[in-house]
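# Per-entry structural report
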Amino acid sequence: MHSLETFAQSKLAELEAQNLRRWLVETDRDAGAIAIRNGRRLISFCCNDYLNLSQHPEVKDAAIAATRRFGAGAGASRLVSGNHSLYRELETRLARLKGTEDACVFGSGYLANLGIIPALAGPGDLVLADALSHACLMAGGKLSGAETLIFRHNDVAHLFELLRTRRKQYRHCLILTDGVFSMDGDLAPVSALAQVAREYDCWLMTDDAHGIGVLAEGRGSSFVSDVKADVPLQMGTLSKAVGAYGGYLCASRAVIDLIRTRARTLIYSTGLPPAIVAAAIASIDIISRDTQLRAAPLQKARRFTRAMNLPLAQSPIVPLIIGDPARALALSAMLEDAGFLVTAIRPPTVPEGTARLRFTFTAAHQDADIGRLSALLRETV
Ligand SMILES: *Cc1c(COP(=O)(O)O)cnc(C)c1O
């Protein structure tokens, strides 16, 4: 047999034996946090569409109108001829929401991090990343060629210690963290990190993929404290609460101009389809005006953590740590039988021994369904 085939088959067998093989399951979505699988309508607790804006009539209409007017695709990189006029509008709105001079939109959140980090740091520089940072922050650090050190999760004292002993050896230093941690739902101590960054002349970047739209009037984790945290690089995605697709960086004018000139994932990748950019604009307008909507996901998550006797939710993401991947899979199957879609999250997405059920709450969840879900879990787990 061809060695490629042998490699693929033996690798799959090895993953299967460890319960770590992954499968794509056809899933359609509908309004009201519904997922349709194998012909069954399930209540989904594993979708990041926190405000259900991907299903909002205004957002869908904006996408359709943009396709009619501008076409289905961008046709080229933004730096060539793909920079259709909707981009300026979206970037202006993002900068306003985040309180920065400017913003730059990328093809996705993952692409944003792969572009931003190597544009700001390289060999001779230091990248310090929280241990539970999203995979694409880690990938960006690696790609940059800078020395990358990991500090213990949310441990400002450990970060401080690393800076005290190592900072002098490097030219620039970039500190990376999720604003809201994607698999645990806890928040980074953004203000404390900003203070340490200032003290050691480091550049703090937060990945607020799960903060925009749902925390602090939709403005995200930098705005949770009474005083806005000084975060010069606020990155995030348009694919979660914003209900569309794409990544962004909000920063000063000079930083954004540099990123537009140097970020390779912006330069060498095609611009977003006009429909997606129009959808994001419509969503941000809704987020800016609908105070009740943007507060709802956190309220729903807190209803669940109170019912489950778990620590009060800090974001719409609530983990229930199970440990063993096989048991996490079995619990997920049990919930699916009962009409709830909750995927099991296993290593390497989360550390070894911490396989879990990860619940995400959206504005469309009904209190009665959250009650049924928590009652079922209390009986079983
Ligand atoms: C989802 C996610 C991303 C990736 O964003 P995409 O737009 O889906 O590529 C980046 N960072 C964090 C923390 C995420 O949760």
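In this numbering scheme, every chain counts its residues from 1 along its sequence in written order. Totals for whole chains, interfaces and linings use every residue, but because this is a predicted model, local features are given only for residues with pLDDT of at least 70 and side-chain atom pairs only at 80 or more, for both listing and counting. Excluding hydrogens and water, the side-chain figures rest on all heavy atoms present in the structure.

## Let's talk about the overall build of the protein
- Helix and strand definitions here come from DSSP, where helices need a minimum of 4 consecutive H or I residues and strands a minimum of 2 consecutive E residues; each element is numbered from the N-terminal end. A count of helices and strands for the protein gives 13 helices and 14 strands.
- With the radius of gyration taken over C-alpha atoms, the globule rule is written as 2.2 Å times the number of residues to the power 0.38. On C-alpha atoms alone, the protein measures out to a radius of gyration of 21 Å, which is about the 21 Å that the 2.2 N^0.38 rule sets for 381 residues.
- Note on classification: 1.4 Å probe, protein chains only; a residue is buried when its accessible area is under 20% of the maximum for its type, exposed when over 50%, partly exposed between these limits. Scored against the burial criterion, the 381 residues of the protein give a buried share of 52%.
- The contact rule is simple, with two residues in contact once any of their heavy atoms fall within 4.5 Å. Residue pairs in contact within the protein that sit at least 24 positions apart in sequence constitute 69% of those at least 6 positions apart.
- A total of about 17200 Å² of accessible surface is found on the protein, and carbon and sulfur atoms cover 53% of it.
- Of the side chains in the protein, 42 bear a positive and 38 a negative charge, and the two mean positions are spaced by 2 Å. Accessible surface area values rest on a Shrake-Rupley calculation with a 1.4 Å probe, where residue burial reflects the displayed protein chains alone. Just so you know, the count uses Lys and Arg for positive and Asp and Glu for negative, and it drops His and the chain ends. To locate a charge, take atom NZ for lysine, CZ for arginine, CG for aspartate or CD for glutamate.

## Structural notes on the site of the ligand
- Neighbouring the ligand are 14 residues; Gly-109, Asp-207, His-210, Thr-237 and Lys-240 lie closest to it.
- A distance of 2.6 Å separates a nitrogen atom of the ligand from a polar atom in the side chain of Asp-207.
- Polar contact is defined as a pair of N or O atoms within 3.5 Å, subject to the rule that within protein one atom must be able to donate a hydrogen and the other to accept it, and that residues adjacent in sequence are counted only when both atoms are side-chain atoms. Here an oxygen atom of the ligand sits 2.6 Å away from a polar atom, N or O, in the side chain of His-210.
- Isolated, the ligand exposes 380 Å² of accessible area, and the fraction of that covered by the protein chains is 88%.
- Residue classes follow a fixed rule: Ala, Val, Leu, Ile, Met, Phe, Trp, Tyr, Cys and Pro count as nonpolar, while Asp, Glu, Lys and Arg count as charged, and any other residue, Gly among them, counts as polar. Tallied by class, the residues present in the shell around the ligand amount to 3 nonpolar, 8 polar and 3 charged. For this purpose, a residue is taken to be near a molecule or strand whenever a single non-hydrogen atom of the residue falls within 4 Å of it.

## Some remarks on the pattern of salt bridges
- Salt bridge, as applied in this entry: a Lys or Arg side-chain nitrogen positioned within 4 Å of an Asp or Glu carboxyl oxygen. Considering all chains together, one arrives at 22 salt bridges under this definition.
- Taking the shortest distance from any N to any O, the salt bridge between Asp-125 and Arg-171 comes out at 3.0 Å. Of this pair, Asp-125 sits in the loop between helix H4 (109-120) and strand S5 (126-130) while Arg-171 sits in the loop between helix H6 (156-166) and strand S7 (173-178), and the two are 46 residues apart along the sequence.
- For Asp-125, a relative accessible area of 2% puts it in the buried group.
- Linked by salt bridges that have partners in common, Arg-78, Arg-88, Glu-91, Asp-102, Asp-257 and Arg-260 make up one network.

## Some points on the packing of aromatic side chains
- Aromatic rings from Phe, Tyr and Trp, with only the six-membered ring used for Trp, were paired whenever their centres fell within 6.5 Å, and each pair was classed as stacked if the ring planes differed by under 30 degrees, edge-to-face if by over 60, and tilted otherwise. Across all of its chains, the model carries 5 aromatic pairs by this definition.
- An angle of 90° between the planes, with centres 5.5 Å apart, marks the rings of Phe-160 and Tyr-200 as edge-to-face. Within this pair, whereas Phe-160 is found in helix H6, its partner Tyr-200 is found in the loop between helix H7 (190-199) and strand S8 (203-207), the two being separated by 40 residues in sequence.
- With 4.8 Å between their ring centres and 45° between their planes, Phe-304 and Phe-359 make a pair best called tilted. Highlighted residues: Phe-304 in helix H11 (residues 291-308) and Phe-359 in strand S14 (residues 355-360), separated in sequence by 55 residues. Judged on exposure class, the residue Phe-304 and its partner Phe-359 are both buried.
- Clustering of aromatic rings is evident, with ring pairs tying together Phe-45, Phe-304, Phe-340, Phe-359 and Phe-361.
- Looking at Arg-78, its charged tip hangs above the ring of Tyr-87, at a distance of 3.7 Å from the centre. Lysine and arginine charges are scored as sitting over a ring when NZ or CZ, respectively, is within 6 Å of the ring centre and within 35 degrees of the ring normal.

## Examining the sheet that holds strand S12 (residues 340-341)
- Being paired, for any two strands, means DSSP has found at least two bridges between them. An order of S1-S2-S3-S12 is seen for the 4 strands of this open sheet, with the pairing classed as mixed. Each edge of the sheet is formed by a strand with only one pairing partner; in this case those strands are strand S1 (28-30) and S12.
- Of the pairings in the sheet, the one linking S1 to strand S2 (residues 34-37) comprises 3 bridges and is antiparallel in character. Each bridged residue has a counterpart across the sheet, and for Arg-29 the counterpart in S2 is Ala-35.

## Quick notes on the sheet that holds strand S9 (residues 233-237)
- Spatially, 7 strands are ordered S4-S10-S9-S8-S7-S5-S6 in an open sheet, and the strand pairing comes out mixed. Every interior strand has two partners, whereas the edge strands, strand S4 (102-106) and strand S6 (147-151), have only one. Pairs of neighbouring strands in the sheet enclose a mean axial angle of 20°, with direction left out of account.
- Taken together, the 5 bridges between S7 and S8 define a ladder with parallel strand orientation. For Thr-177, the partnering residue across the bridge sits in S8 and is Thr-206.
- With axes taken as lines fitted to C-alpha atoms, and helix axes fitted only over the stretch in contact, angles between N-to-C directions fall between 0 and 180 degrees. Across the face of the sheet, H4 comes into contact with S4, S7, S8, S9 and strand S10 (247-251) while running at roughly 155° to S9.

## Structural notes on the domain arrangement of the protein
- For the domains described, the bounds stem from an automatic or database domain assignment. Split into domains, the protein comes out as domain 1 (19-50 + 316-380) and domain 2 (57-289).
- Taken over C-alpha atoms, the centre of domain 1 sits 27 Å from the centre of domain 2.
- Contacts between the two partners involve 12 residues from domain 1, matched on the other side by 12 residues from domain 2.
- Overall, the association of domain 1 and domain 2 removes approximately 960 Å² of surface from exposure, summing both partners, and the carbon and sulfur fraction of that is 67%.
- When two parts are brought into contact, each loses some accessible area as probed by a 1.4 Å sphere; the total of that loss over both is the buried area. In terms of surface lost to domain 2, no three residues of domain 1 exceed Asn-48, Tyr-50 and Ile-317, which account for 45% of the buried area on that side.
- There are 1 salt bridge connecting domain 1 and domain 2.
- Between Asp-184 and Arg-356 there is a salt bridge, with its nearest N and O atoms 3.1 Å apart.
- Those elements that provide at least two residues to the side of domain 1 that touches domain 2 are strand S11 (317-323) and S14.
- Partitioned by chemical class, the residues of the side of domain 1 that touches domain 2 number 7 nonpolar, 2 polar and 3 charged.

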